[in-house]
Amino acid sequence: MKSLFCYPLYTIILFIFSVNIFAQENETINELEEIAIIEQKVMMPMRDGIRLATDIYRPKTDKKVPIIFSRTPYNFNPYRDGKLNTRTAQRALEAVKHGYAYVVQNERGRFFSEGEWDILGTPLTDGYDAFTWMADQEWSNGKIGTLGCSSTAEWQMAVAAMDHPAHAAMVPQGFGAGIGRVGQFMEQGNWYRGGAEQMLFFAWLYSTQHDEMAPKLPNNISQEDLIRLQKFYDMAPEYPPVDWSEGLSHLPIQDIIKNVDGPKGIFEEMVQRKPNDPEWFKGGLYHDDMGFGVPSFWFASWYDVSISPNLALFNHVRNNISDPDISENQYLVIAPTLHCAYTRATENTIVGERSVGDARLDHESLIYGWFDVWLKEGESKDFLNQLPRIQYYTMGSNEWNTAEEWPPSNSSLTTLYLNSNGRANSLYGDGELLTKAPSKDNPDSFSYDPMHPVPSYGGNVCCTGNAVKGGSFNQQQMETRNDILVYTTPPLTEGIEITGFIESTLYLSSDVKDTDLTIKIIDVYPDGSAYNLDETIQRVRYREGYNEEVFMKEGTVYKVDLSPMATSNYFKKGHRIRIEVSSSNFPRFARNLNTGGDNFDESEGVIAHNNIHHSKKYPSSIRIPVIGDLKFK
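Residues numbered from 1 in each chain as written. Predicted model: local features only at pLDDT ≥ 70, side-chain atom pairs only at ≥ 80, totals over all residues. Heavy atoms only, no water.

Counting buried residues along strand S13 (residues 296–303), 8 of its 8 residues qualify, which places the element largely inside the surrounding structure. Two strands pair when backbone bridges link them, and strand S8 (residues 167–173) and S13 are joined in this way by 2 bridges, in the parallel orientation. Considered in S13, the bridge of Gln173 is made with Phe299. Alignment of S13 against strand S14 (residues 330–338), held across 7 bridges, turns out to be parallel. The partner of Phe299 across the bridge, within S14, is Val333. (Buried < 20%, exposed > 50% of the residue type's maximum accessible area, 1.4 Å probe, protein only. Helix = DSSP H or I, 4+ residues; strand = E, 2+ residues; numbered from the N terminus. Pairing = 2+ DSSP bridges.)

Right, let's talk about helix H10 (residues 307–320) for a bit. End to end, H10 covers 20 Å across 14 residues, agreeing with the expected 20 Å (1.5 Å per residue, within 8%). Taking burial as the measure, the 14 residues of H10 include 12 buried ones, the bulk of the element. Regarding H10, the residues found buried are Ile307, Ser308, Pro309, Asn310, Leu311, Ala312, Leu313, Phe314, Asn315, His316, Val317 and Arg318. (Expected span 1.5 Å × (residues − 1).)

Before going further, it helps to spend a moment on the pattern of salt bridges. By the definition in use, this model includes 32 salt bridges. In this structure, Arg318 engages Glu404 in a salt bridge whose closest nitrogen and oxygen atoms are separated by 3.9 Å. In this pair, Arg318 sits in helix H10 while Glu404 sits in the loop between strand S18 (399–403) and strand S19 (412–419), placing the two residues 86 residues apart along the sequence. A salt bridge links Glu580 to Lys520; its shortest N-O distance comes to 3.7 Å. With Glu580 in strand S27 (residues 576–582) and Lys520 in strand S24 (residues 516–524), this residue pair connects regions lying 60 residues apart in the sequence. Taking the relative accessible area as the measure of exposure, Glu580 reaches 5% and is therefore buried. Its relative accessible area of 6% is what places Lys520 among the buried residues. A cluster of three or more residues bridged by salt bridges with shared partners is formed by Lys274, Asp514, Arg541 and Glu549. (Salt bridge = Lys/Arg side-chain N within 4 Å of Asp/Glu carboxyl O.)

The next thing to look at is the pairing of S14. Among the 9 residues that make up S14, 8 are buried, leaving the element largely enclosed by the rest of the structure. By the bridge criterion, 3 bridges tie S14 to strand S17 (residues 390–394) in an arrangement that is parallel. Bridge pairing in S17 places Val333 opposite Gln391.

The subject of this paragraph is the domain arrangement of the protein chain. Interface size is commonly expressed as the accessible area that is lost once the parts come together. Per the domain assignment, the segments of the protein chain are domain 1 (25–294) and domain 2 (411–627). The C-alpha centroid of domain 2 is placed 36 Å from the C-alpha centroid of domain 1. At the junction of the two partners, domain 1 supplies 29 residues and domain 2 supplies 32 residues. Here domain 1 packs against domain 2, burying approximately 2,600 Å² in sum over the two surfaces, 59% of which is carbon and sulfur. When the area that domain 1 buries against domain 2 is broken down by residue, the three leading residues are Arg193, Gly194 and Leu251, summing to 20%. At the junction of domain 1 and domain 2, the tally comes to 2 salt bridges. For Arg539, the salt bridge identified is with Glu197, shortest N-O distance 3.3 Å. Connecting domain 1 to domain 2 are 13 residue pairs in polar contact (both at pLDDT 80 or more). The biggest single contributor to the side of domain 1 that touches domain 2 is helix H5 (residues 200–206), with 3 residues. Classifying every residue of the side of domain 1 that touches domain 2 gives 15 nonpolar, 10 polar and 4 charged. (Domains from an automatic or database assignment. Contact = heavy atoms within 4.5 Å. Buried area = accessible area lost by both parts, 1.4 Å probe. Polar contact = N/O pair within 3.5 Å; in protein donor to acceptor, adjacent residues only side chain to side chain. Nonpolar A, V, L, I, M, F, W, Y, C, P; charged D, E, K, R; others polar.)

Let us now look at the state of the cysteines. A disulfide bridge is the covalent bond that connects two cysteines by way of their sulfur atoms. Applying the stated rule across the entire model yields 2 disulfides. Disulfide pairing is shown between Cys149 and Cys340; the S-S distance is 1.9 Å. Around the S-S axis, the bridge from Cys149 to Cys340 shows a dihedral of about -100° and counts as left-handed. Pair noted here: Cys149 is in strand S7 (residues 140–149) and Cys340 is in the loop between S14 and strand S15 (350–351), with a separation of 191 residues, a long-range link. The class of Cys149 is buried, set by a relative accessible area of 16%. Cys340 sits in the partly exposed class, given a relative accessible area of 21%. Two residues share a disulfide in this structure: Cys462 and Cys463, whose sulfurs sit 2.4 Å from each other. Because the torsion about its S-S bond is -80°, the bridge between Cys462 and Cys463 counts as left-handed. (Disulfide = S-S within 2.5 Å.)

Before going further, it helps to spend a moment on the side chain of Arg108. Considering the arrangement of structural elements, one finds Arg108 in the loop between strand S6 (101–106) and helix H3 (125–135). In contact with Arg108, other than residues within four places in its own chain, are Met46, Asp48, Ile50, Leu52, Ser113, Glu114, Glu116, Trp117, Thr122, Pro123 and Asp126.

This next bit is on helix H12 (residues 363–375). The end-to-end C-alpha separation of H12 is 18 Å, in line with the 18 Å expected for 13 residues at 1.5 Å each. In terms of burial, H12 is largely enclosed, as 11 of its 13 residues are buried.

What follows deals with the UniProt feature "domain: Xaa-Pro dipeptidyl-peptidase C-terminal" (unreviewed entry) in the protein chain. Sites flagged by UniProt as "domain: Xaa-Pro dipeptidyl-peptidase C-terminal" (unreviewed entry) map to residues 368–623. The span residues 368–623 is 5% helical and 37% strand by assignment, and the distance between its end C-alpha atoms comes to 38 Å. (UniProt positions renumbered as here; feature names shortened; annotations may be inferred.)

Quick look at the sheet that holds S8 now. The strand order S1-S2-S6-S3-S7-S8-S13-S14-S17-S18 describes an open sheet built from 10 strands, whose pairing is mixed. At either end of the open sheet lies a strand with only one pairing partner, and these are strand S1 (36–45) and S18. Strand after strand, the sheet turns through a mean of 20° between neighbouring axes, direction not considered. Sheet strands in contact with H3 are S1, strand S2 (51–59), strand S3 (65–72), S6, S7 and S8, and its direction is about 140° off that of S7. (Axes fitted to C-alpha atoms, helices over the stretch in contact; angles between N-to-C directions.)

Attention now goes to the packing of aromatic side chains. Applying the stated criterion across every chain yields a total of 31 aromatic pairs. Judged by centre distance (5.9 Å) and plane angle (45°), the rings of Trp302 and Trp406 are tilted. Here the residue Trp302 occupies a position in strand S13, and Trp406 occupies one in the loop between S18 and S19, the gap between them amounting to 104 residues. As far as the burial class goes, Trp302 and Trp406 line up, both buried. (Phe/Tyr/Trp six-rings, centres within 6.5 Å; stacked < 30°, edge-to-face > 60°.)

A separate point is the nonpolar core. Phe292, Trp298, Trp302 and Ile624 are the most contacted members of the largest nonpolar core, which totals 73 residues. Looking at which domains feed residues into this core, each of domain 1 (25–294) and domain 2 (411–627) supplies at least three. (Core = buried A, V, L, I, M, F, W, Y, C linked by side-chain atoms within 4.5 Å.)

Here it is, written out as structure tokens:
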């Protein structure tokens, strides 16, 4: 047998690291087995006879316990490649230590669960039936809290509208893809922003949807057989890696997954839907004509894919649900992180390439303090008396702040008007943001070629593989392009906080029937570094609403209101406020081919010659939520 010293140093280090990880995993499993009763592959029956694969971890006690329930399309099988996977065990251990049973379940049609899968695990009755089954267990105290981020959160809102008596509280995190229509947002589960497709689902569905031809286990297989099978067969397909920086460029977009030999599934149908398609209103999305029946502690983040719709949903529940026990028991945390990255904040949190300081927060104490109030018998509500309604992180000043409402009551909208002498193209142009609208219209013109779109650089994204890296990045190099219009304020004479929704209105004329307008808000440092805060888009055919398409006529000027952006950022003294205006942000958003056609089935586009007008007659502007006095040099 060779001595360990015969191997290279890196091999020894890797060996020691692997041994330590293995020891930690074993410690987690051993500790969980010591304090919990573990039941795996419990096949929970739904009303139509379909059974959903469920793992249960509950404290070893004779007392009835509350339940934390996580329902997911993702693989939580305890064995991966023949080895124990401790991710689920760690979550279960945390819950059991706090006195809860932890129940994790696959949506129908996923892995060991029976049935056919659709996004958000429709029908909604699956969630309702699961609550009923869990509440009826002899070890349950009848109170259930739902917990999860992203796809384990997004189903919770629509089920909350069903108001099951056992569904006592929830903690949705990164929940944007569960929002259908709320107020002026018609995202249909992050599929759209302003009527333009968000391409995250093109990449996400490639690695998530199971092919319609994929093999399945027979229905009614026994729990004993499932436990045996899970050790060497977890029903998880292995998808070949895809270079999405190239893959998302394929046209037509309806063939993007087909072009990389991906799985056939729900994508082929979804990509053809328009924003008002009735199918969006049949599944598991939450819409603002639905009720809401659950106290909720929402977790969002500034660089997530849908921060503005997330905040709009929080406001909707707070302001439109008539039951005060529900509307008054909505709380919110907004972190300066990427999608579902709350716990990754450090003493020096870097988001993209910008440092936002020490953004740590004790999420575990907040979450379990919340659940204790609603799920444990006889628990006092002292936690709520100390919990701020809204905790939000202000970048720039790098501090946690609190508010009772969103936007904070001490912020007020201030209008800044676009202005130039017709040469706002690029960083080197003459675009300005002024406190008064210019009297004369000197429109800025740029050409948008869908075959050469403005590339996404950082931003509020998730799930696009290697195509877009999310977060805040210096935009200076991007701003050298002539198809980006740049408008900037003079330097600030004193620091100012901008916290809330950012509204924008642009006046457009074009020589094509349809195009897109994009906007991005930026913090410009004294050295010229320009860090993006948020961004949005509007497909112009939907400028009058999403129930009809209204195309443009050449030479006519149209008012276009873009969906609000949102941020909390402190612009220090000497910094400047900037917006970028263009017609593409790709592949964050699908390209508009400018033809006025369906777009999803088209392979060739036309160049749009777009003009942004700014004057008293055409007051193109942004409205920013300012805390303090806005003063410029």
